[in-house]
Amino acid sequence: MLPRGAPPPPPAPAPPRGGRGPGLAGYFFVAGYAVLLLAFGVFPTGYSFYLALTNDRGQFTGFNQFVKVAQDYRFVPAFTHMLIYLLLWLVALVVLVVLVAVVLRGRVRPGTSALFRFLYYIPGALAGVASVLVWLFMLDPDVSPVSWVLKSMGLGTFAAVLAPGNLPLILMLIAFWTGAGGWMVVMYGALNNIPDEVLEAARMDGAGPWRTAWHIQIPMIRQWIVYMTIMAFATGTQLFVEPQLLQTASLGRVSPTWSPNQLAYVYAFQQGDFNGAAAIAVFLLAVGLLAAGLLVARSNLFKLDEK
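All values derive from a computational prediction rather than experimental measurement.

**Structural notes on the overall build of the protein**
Right, so step 1: When you go through the protein residue by residue, the secondary structure sums to 14 helices and zero strands.
Right, so step 2: Seen in sequence order, the protein has helices and strands lined up from the N terminus as α-α-α-α-α-α-α-α-α-α-α-α-α-α.
Right, so step 3: Out of the 307 residues in the protein, the part that is buried amounts to 35%.
Right, so step 4: Summed over its atoms, the accessible surface of the protein is roughly 19,100 Å², and 69% of this surface lies on carbon and sulfur atoms.

**Looking at the side chain of Ser259**
Right, so step 1: Mapped onto the secondary structure, Ser259 falls in the loop between helix H12 (241-249) and helix H13 (260-269).
Right, so step 2: Overall, Ser259 belongs to the buried group, its relative accessible area being 0%.

**Points about the side chain of Glu242**
Right, so step 1: Examined against the element boundaries, Glu242 turns out to sit in helix H12.
Right, so step 2: Despite its burial, Glu242 remains without a salt bridge, the nearest opposite charge being carried by Arg253 at 19 Å.
Right, so step 3: With residues near it in sequence (within four places) discarded, Glu242 still touches Val132, Leu171 and Ile174.

**What about the pattern of salt bridges?**
Right, so step 1: Inspection of every chain in the model, using the stated rule, returns four salt bridges.
Right, so step 2: Between Asp72 and Arg74 there is a salt bridge, with its nearest N and O atoms 2.8 Å apart. Summarising the burial analysis for this pair, Asp72 and Arg74 share the class buried.
Right, so step 3: A salt bridge links Arg203 to Glu200, with the nearest nitrogen and oxygen atoms 2.8 Å apart. Of this pair, Arg203 and Glu200 both sit in helix H9 (residues 196-204), three residues apart, which is roughly one turn of the helix.

**Points about the packing of aromatic side chains**
Right, so step 1: Across all of its chains, the model carries 13 aromatic pairs by this definition.
Right, so step 2: Each ring, one from Phe75 and one from Phe79, has its centre 4.5 Å from the other, and the planes form 40 degrees; the classification is tilted. Of this pair, Phe75 and Phe79 both sit in helix H3 (residues 75-107), four residues apart, which is roughly one turn of the helix.
Right, so step 3: Ring geometry for Trp135 and Trp177: centres 6.3 Å apart, planes at 80 degrees, overall edge-to-face. Placement of Trp135 in helix H5 (residues 128-139) and of Trp177 in helix H8 (residues 167-192) is noted, with a sequence separation of 42 residues between them.

**Description of helix H11 (residues 222-237)**
Right, so step 1: The end-to-end C-alpha distance of H11, which contains 16 residues, comes to 23 Å, matching closely the 22 Å that a straight helix rising 1.5 Å per residue would cover.
Right, so step 2: Within H11 the residues assigned to the buried category are Ile225, Val226, Met228, Thr229, Ile230, Ala232, Phe233, Gly236 and Thr237.

**Some details on the nonpolar core**
Nonpolar side chains in soluble globular proteins tend to be buried together.
Right, so step 1: The biggest cluster of nonpolar side chains holds 65 residues, and the ones touching the most others in it are Tyr85, Trp89, Leu93, Val97 and Leu246.
Right, so step 2: Excluding anything up to four places from it in sequence, Val97 contacts Ala92, Ala180, Trp183, Met184, Met187 and Met228.

**Examining the environment of Leu295**
Right, so step 1: Mapping Leu295 onto the fold places it in helix H14 (residues 274-299).
Right, so step 2: Residues Leu295 and Thr229, 66 residues apart in the sequence, show an inter-C-alpha distance of 8.5 Å.
Right, so step 3: With residues up to four places along the chain from it excluded, the contact list for Leu295 reads Val226, Thr229 and Ile230.

**A few points about a nonpolar patch on the surface**
Right, so step 1: A cluster of nonpolar side chains, namely Leu87, Val91, Val95, Leu96, Leu99 and Trp210, defines an oily patch on the protein surface of about 580 Å² accessible area.
Right, so step 2: Residue contributions to the nonpolar patch peak at five residues, all from H3.
Right, so step 3: Structurally, the position occupied by Trp210 is in helix H10 (residues 209-220).
Right, so step 4: Judged by relative accessible area, Trp210 falls into the exposed class, the value being 54%.

Rules used throughout
- Residues numbered from 1 in each chain as written.
- Predicted model: local features only at pLDDT ≥ 70, side-chain atom pairs only at ≥ 80, totals over all residues.
- Heavy atoms only, no water.
- Helix = DSSP H or I, 4+ residues; strand = E, 2+ residues; numbered from the N terminus.
- Buried < 20%, exposed > 50% of the residue type's maximum accessible area, 1.4 Å probe, protein only.
- Areas by Shrake-Rupley, 256 points an atom, 1.4 Å probe, with all protein chains shown as cover.
- Lys, Arg positive; Asp, Glu negative; His and termini not counted.
- Salt bridge = Lys/Arg side-chain N within 4 Å of Asp/Glu carboxyl O.
- Contact = heavy atoms within 4.5 Å.
- Phe/Tyr/Trp six-rings, centres within 6.5 Å; stacked < 30°, edge-to-face > 60°.
- Expected span 1.5 Å × (residues − 1).
- Core = buried A, V, L, I, M, F, W, Y, C linked by side-chain atoms within 4.5 Å.
- Patch = residues over 30% accessible without salt bridge, like charges linked within 9 Å, V, L, I, M, F, W, Y side chains within 5 Å.

Okay, structure coming up:
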(Lines give C-alpha, C1' and ligand atoms only; values in the text may rest on other atoms or scores of the structure.)
Protein backbone atom coordinates (compact mmCIF):
# COMPACT_ATOMS: atom_id res chain seq x y z
CA MET A 1 0.00 0.00 0.00
CA LEU A 2 1.11 3.57 -0.67
CA PRO A 3 1.60 5.97 2.25
CA ARG A 4 -1.33 8.34 2.78
CA GLY A 5 -0.93 11.41 0.63
CA ALA A 6 1.71 9.87 -1.65
CA PRO A 7 1.23 10.53 -5.41
CA PRO A 8 0.11 7.55 -7.46
CA PRO A 9 2.82 5.72 -9.41
CA PRO A 10 3.20 6.61 -13.08
CA PRO A 11 1.37 4.32 -15.47
CA ALA A 12 3.37 1.50 -17.02
CA PRO A 13 4.48 2.20 -20.58
CA ALA A 14 2.28 0.69 -23.22
CA PRO A 15 3.80 -2.25 -25.10
CA PRO A 16 4.90 -1.59 -28.65
CA ARG A 17 2.08 -1.83 -31.15
CA GLY A 18 2.09 -4.98 -33.17
CA GLY A 19 4.63 -6.61 -30.86
CA ARG A 20 7.60 -5.11 -32.70
CA GLY A 21 10.70 -4.33 -30.69
CA PRO A 22 12.16 -0.81 -30.64
CA GLY A 23 15.23 -1.86 -32.63
CA LEU A 24 13.54 -3.28 -35.74
CA ALA A 25 13.43 0.08 -37.51
CA GLY A 26 17.21 0.36 -37.22
CA TYR A 27 17.71 -3.09 -38.67
CA PHE A 28 15.39 -2.20 -41.53
CA PHE A 29 17.35 0.94 -42.41
CA VAL A 30 20.75 -0.83 -42.44
CA ALA A 31 19.47 -3.94 -44.24
CA GLY A 32 20.00 -2.47 -47.71
CA TYR A 33 23.55 -1.43 -46.94
CA ALA A 34 24.30 -4.82 -45.38
CA VAL A 35 23.05 -6.66 -48.47
CA LEU A 36 25.14 -4.51 -50.80
CA LEU A 37 28.16 -4.85 -48.52
CA LEU A 38 27.89 -8.64 -48.62
CA ALA A 39 27.25 -8.76 -52.38
CA PHE A 40 29.94 -6.30 -53.51
CA GLY A 41 32.38 -6.33 -50.59
CA VAL A 42 32.56 -9.43 -48.44
CA PHE A 43 31.80 -12.10 -51.05
CA PRO A 44 34.18 -10.70 -53.73
CA THR A 45 36.92 -10.38 -51.10
CA GLY A 46 36.42 -13.96 -50.00
CA TYR A 47 36.47 -15.15 -53.61
CA SER A 48 39.69 -13.22 -54.22
CA PHE A 49 41.31 -15.03 -51.30
CA TYR A 50 40.09 -18.33 -52.73
CA LEU A 51 41.58 -17.56 -56.16
CA ALA A 52 44.84 -16.33 -54.63
CA LEU A 53 45.28 -19.60 -52.72
CA THR A 54 44.45 -21.94 -55.62
CA ASN A 55 45.48 -22.48 -59.23
CA ASP A 56 43.41 -22.41 -62.41
CA ARG A 57 42.23 -25.98 -61.71
CA GLY A 58 40.98 -25.09 -58.23
CA GLN A 59 43.81 -26.93 -56.45
CA PHE A 60 45.11 -25.44 -53.21
CA THR A 61 48.61 -24.05 -53.76
CA GLY A 62 49.20 -22.07 -50.55
CA PHE A 63 51.22 -18.93 -51.11
CA ASN A 64 52.54 -19.92 -54.54
CA GLN A 65 50.48 -17.26 -56.33
CA PHE A 66 51.83 -14.55 -54.03
CA VAL A 67 55.40 -15.70 -54.59
CA LYS A 68 54.84 -15.82 -58.35
CA VAL A 69 53.55 -12.27 -58.68
CA ALA A 70 56.11 -10.90 -56.21
CA GLN A 71 58.90 -12.32 -58.39
CA ASP A 72 57.47 -10.65 -61.51
CA TYR A 73 59.86 -7.93 -62.67
CA ARG A 74 56.90 -5.52 -62.97
CA PHE A 75 55.67 -6.02 -59.39
CA VAL A 76 58.16 -3.89 -57.43
CA PRO A 77 58.11 -0.94 -59.90
CA ALA A 78 54.31 -0.89 -59.88
CA PHE A 79 54.10 -0.74 -56.09
CA THR A 80 56.96 1.79 -55.95
CA HIS A 81 55.11 4.08 -58.36
CA MET A 82 51.96 3.75 -56.28
CA LEU A 83 53.73 4.57 -53.00
CA ILE A 84 55.46 7.65 -54.47
CA TYR A 85 52.13 8.85 -55.83
CA LEU A 86 50.42 8.21 -52.48
CA LEU A 87 53.07 10.17 -50.61
CA LEU A 88 52.65 13.21 -52.88
CA TRP A 89 48.87 12.91 -52.91
CA LEU A 90 48.37 12.54 -49.17
CA VAL A 91 50.78 15.33 -48.20
CA ALA A 92 49.21 17.75 -50.69
CA LEU A 93 45.69 16.74 -49.67
CA VAL A 94 46.13 17.02 -45.91
CA VAL A 95 48.16 20.24 -45.93
CA LEU A 96 46.25 22.20 -48.55
CA VAL A 97 42.75 21.00 -47.69
CA VAL A 98 43.13 21.83 -44.00
CA LEU A 99 44.82 25.15 -44.81
CA VAL A 100 42.08 26.24 -47.22
CA ALA A 101 39.33 25.13 -44.83
CA VAL A 102 40.86 27.10 -41.96
CA VAL A 103 41.21 30.21 -44.14
CA LEU A 104 37.60 29.90 -45.34
CA ARG A 105 36.38 29.46 -41.78
CA GLY A 106 38.25 32.39 -40.28
CA ARG A 107 39.08 34.87 -43.03
CA VAL A 108 36.20 34.76 -45.54
CA ARG A 109 32.68 36.04 -44.97
CA PRO A 110 30.00 33.31 -44.80
CA GLY A 111 28.32 34.27 -48.07
CA THR A 112 31.61 34.41 -49.96
CA SER A 113 32.84 31.15 -48.41
CA ALA A 114 29.69 29.38 -49.69
CA LEU A 115 30.59 30.49 -53.22
CA PHE A 116 34.17 29.26 -52.81
CA ARG A 117 33.01 25.90 -51.43
CA PHE A 118 30.74 25.47 -54.46
CA LEU A 119 33.56 26.29 -56.86
CA TYR A 120 35.91 23.88 -55.09
CA TYR A 121 33.35 21.09 -55.31
CA ILE A 122 32.67 21.44 -59.07
CA PRO A 123 35.76 19.42 -60.20
CA GLY A 124 34.69 16.57 -57.92
CA ALA A 125 31.45 16.25 -59.89
CA LEU A 126 33.47 15.12 -62.91
CA ALA A 127 34.01 11.42 -63.39
CA GLY A 128 37.59 10.15 -63.38
CA VAL A 129 37.66 9.67 -67.15
CA ALA A 130 36.42 13.21 -67.82
CA SER A 131 38.97 14.71 -65.44
CA VAL A 132 41.80 12.86 -67.17
CA LEU A 133 40.64 14.14 -70.56
CA VAL A 134 40.63 17.70 -69.23
CA TRP A 135 44.17 17.26 -67.96
CA LEU A 136 45.33 15.67 -71.22
CA PHE A 137 44.25 18.89 -72.89
CA MET A 138 45.98 21.02 -70.25
CA LEU A 139 49.24 19.04 -70.41
CA ASP A 140 49.68 19.05 -74.18
CA PRO A 141 51.97 22.01 -75.00
CA ASP A 142 50.53 22.24 -78.51
CA VAL A 143 46.98 23.05 -77.37
CA SER A 144 47.21 23.90 -73.66
CA PRO A 145 46.19 27.44 -72.60
CA VAL A 146 49.15 27.36 -70.19
CA SER A 147 51.64 26.04 -72.73
CA TRP A 148 54.01 28.89 -71.86
CA VAL A 149 54.28 27.49 -68.33
CA LEU A 150 55.10 24.01 -69.64
CA LYS A 151 57.64 25.32 -72.12
CA SER A 152 59.29 27.49 -69.48
CA MET A 153 59.86 24.27 -67.52
CA GLY A 154 61.54 22.65 -70.51
CA LEU A 155 58.48 20.55 -71.40
CA GLY A 156 58.01 21.45 -75.02
CA THR A 157 56.38 18.22 -76.18
CA PHE A 158 53.65 15.94 -74.89
CA ALA A 159 56.16 13.11 -74.65
CA ALA A 160 58.40 15.22 -72.41
CA VAL A 161 55.46 16.03 -70.13
CA LEU A 162 54.62 12.33 -69.78
CA ALA A 163 58.16 11.26 -68.96
CA PRO A 164 58.17 8.46 -66.34
CA GLY A 165 59.62 10.73 -63.65
CA ASN A 166 56.77 13.22 -64.07
CA LEU A 167 53.89 10.75 -63.80
CA PRO A 168 53.51 10.68 -59.98
CA LEU A 169 53.25 14.48 -59.91
CA ILE A 170 50.83 14.56 -62.84
CA LEU A 171 48.59 11.92 -61.30
CA MET A 172 48.73 13.75 -57.96
CA LEU A 173 47.55 16.97 -59.66
CA ILE A 174 44.67 15.11 -61.33
CA ALA A 175 43.65 13.46 -58.06
CA PHE A 176 43.90 16.71 -56.10
CA TRP A 177 41.93 18.69 -58.65
CA THR A 178 39.19 16.04 -58.66
CA GLY A 179 38.94 15.04 -55.02
CA ALA A 180 40.23 17.84 -52.81
CA GLY A 181 37.21 20.13 -53.21
CA GLY A 182 34.81 17.68 -51.60
CA TRP A 183 37.14 17.22 -48.64
CA MET A 184 37.44 21.00 -48.23
CA VAL A 185 33.68 21.12 -47.75
CA VAL A 186 33.89 18.31 -45.17
CA MET A 187 36.72 19.99 -43.24
CA TYR A 188 34.87 23.31 -43.31
CA GLY A 189 31.86 21.61 -41.76
CA ALA A 190 34.05 20.02 -39.10
CA LEU A 191 35.52 23.41 -38.21
CA ASN A 192 32.02 24.85 -37.89
CA ASN A 193 31.32 22.29 -35.15
CA ILE A 194 33.92 23.91 -32.90
CA PRO A 195 32.04 26.04 -30.33
CA ASP A 196 32.44 29.77 -30.81
CA GLU A 197 33.11 30.07 -27.08
CA VAL A 198 36.33 28.09 -27.48
CA LEU A 199 37.58 30.34 -30.28
CA GLU A 200 36.56 33.46 -28.38
CA ALA A 201 38.47 32.25 -25.31
CA ALA A 202 41.56 31.73 -27.47
CA ARG A 203 41.31 35.27 -28.81
CA MET A 204 40.94 36.66 -25.30
CA ASP A 205 44.11 34.76 -24.30
CA GLY A 206 45.99 36.52 -27.10
CA ALA A 207 46.11 33.73 -29.67
CA GLY A 208 46.25 34.95 -33.24
CA PRO A 209 44.57 33.23 -36.21
CA TRP A 210 47.44 30.85 -36.94
CA ARG A 211 48.08 29.90 -33.31
CA THR A 212 44.35 29.29 -32.92
CA ALA A 213 44.35 27.09 -35.99
CA TRP A 214 47.45 25.12 -34.96
CA HIS A 215 46.69 24.64 -31.27
CA ILE A 216 42.87 24.53 -31.21
CA GLN A 217 41.12 24.05 -34.54
CA ILE A 218 43.35 21.41 -36.11
CA PRO A 219 43.60 19.26 -32.92
CA MET A 220 39.82 19.41 -32.52
CA ILE A 221 39.23 18.09 -36.04
CA ARG A 222 42.07 15.58 -35.92
CA GLN A 223 39.73 12.61 -36.22
CA TRP A 224 38.23 14.05 -39.39
CA ILE A 225 41.71 14.57 -40.83
CA VAL A 226 42.61 10.96 -40.06
CA TYR A 227 39.36 9.77 -41.64
CA MET A 228 40.14 11.80 -44.76
CA THR A 229 43.64 10.34 -44.90
CA ILE A 230 42.37 6.76 -44.63
CA MET A 231 39.77 7.25 -47.36
CA ALA A 232 42.25 9.05 -49.64
CA PHE A 233 44.82 6.29 -49.09
CA ALA A 234 42.26 3.62 -49.99
CA THR A 235 41.29 5.54 -53.12
CA GLY A 236 44.92 6.07 -54.11
CA THR A 237 45.75 2.37 -53.95
CA GLN A 238 43.03 1.74 -56.55
CA LEU A 239 44.77 3.91 -59.15
CA PHE A 240 43.83 2.59 -62.60
CA VAL A 241 41.78 4.89 -64.84
CA GLU A 242 44.21 7.81 -64.91
CA PRO A 243 47.44 5.96 -65.86
CA GLN A 244 45.49 3.68 -68.22
CA LEU A 245 44.13 6.64 -70.19
CA LEU A 246 47.51 8.37 -70.15
CA GLN A 247 49.05 5.16 -71.49
CA THR A 248 46.51 5.10 -74.33
CA ALA A 249 46.81 8.81 -75.14
CA SER A 250 50.61 8.71 -75.13
CA LEU A 251 50.65 5.83 -77.64
CA GLY A 252 52.50 3.53 -75.29
CA ARG A 253 54.94 5.99 -73.72
CA VAL A 254 53.44 5.22 -70.29
CA SER A 255 53.89 1.67 -69.05
CA PRO A 256 50.72 -0.47 -69.19
CA THR A 257 51.70 -1.88 -65.79
CA TRP A 258 52.51 1.45 -64.11
CA SER A 259 50.23 0.80 -61.12
CA PRO A 260 49.40 -2.46 -59.29
CA ASN A 261 45.81 -2.36 -60.55
CA GLN A 262 47.08 -2.11 -64.12
CA LEU A 263 49.36 -5.07 -63.49
CA ALA A 264 46.41 -7.05 -62.11
CA TYR A 265 44.42 -6.10 -65.22
CA VAL A 266 47.21 -7.41 -67.45
CA TYR A 267 47.34 -10.66 -65.46
CA ALA A 268 43.57 -11.16 -65.65
CA PHE A 269 42.60 -10.01 -69.14
CA GLN A 270 45.76 -10.31 -71.21
CA GLN A 271 47.43 -13.33 -69.65
CA GLY A 272 44.25 -15.04 -68.47
CA ASP A 273 45.76 -15.53 -65.01
CA PHE A 274 42.93 -14.62 -62.64
CA ASN A 275 44.69 -16.31 -59.73
CA GLY A 276 47.71 -14.04 -60.06
CA ALA A 277 45.45 -11.00 -60.41
CA ALA A 278 43.67 -12.01 -57.20
CA ALA A 279 47.01 -12.30 -55.41
CA ILE A 280 47.87 -8.72 -56.41
CA ALA A 281 44.45 -7.61 -55.15
CA VAL A 282 45.11 -9.28 -51.80
CA PHE A 283 48.49 -7.52 -51.62
CA LEU A 284 46.71 -4.19 -52.14
CA LEU A 285 44.13 -5.09 -49.49
CA ALA A 286 46.91 -5.89 -47.02
CA VAL A 287 48.64 -2.55 -47.69
CA GLY A 288 45.38 -0.66 -47.19
CA LEU A 289 44.43 -2.51 -44.00
CA LEU A 290 47.91 -2.03 -42.53
CA ALA A 291 47.92 1.71 -43.20
CA ALA A 292 44.37 2.14 -41.91
CA GLY A 293 45.12 0.11 -38.79
CA LEU A 294 48.18 2.20 -37.97
CA LEU A 295 46.31 5.47 -38.44
CA VAL A 296 43.34 4.33 -36.36
CA ALA A 297 45.56 3.01 -33.57
CA ARG A 298 47.72 6.14 -33.40
CA SER A 299 44.85 8.62 -33.61
CA ASN A 300 42.20 6.93 -31.41
CA LEU A 301 39.76 7.49 -34.27
CA PHE A 302 36.99 5.39 -32.73
CA LYS A 303 37.60 6.37 -29.12
CA LEU A 304 34.39 7.39 -27.41
CA ASP A 305 34.30 10.63 -25.45
CA GLU A 306 34.01 9.96 -21.73
CA LYS A 307 31.15 11.73 -20.04
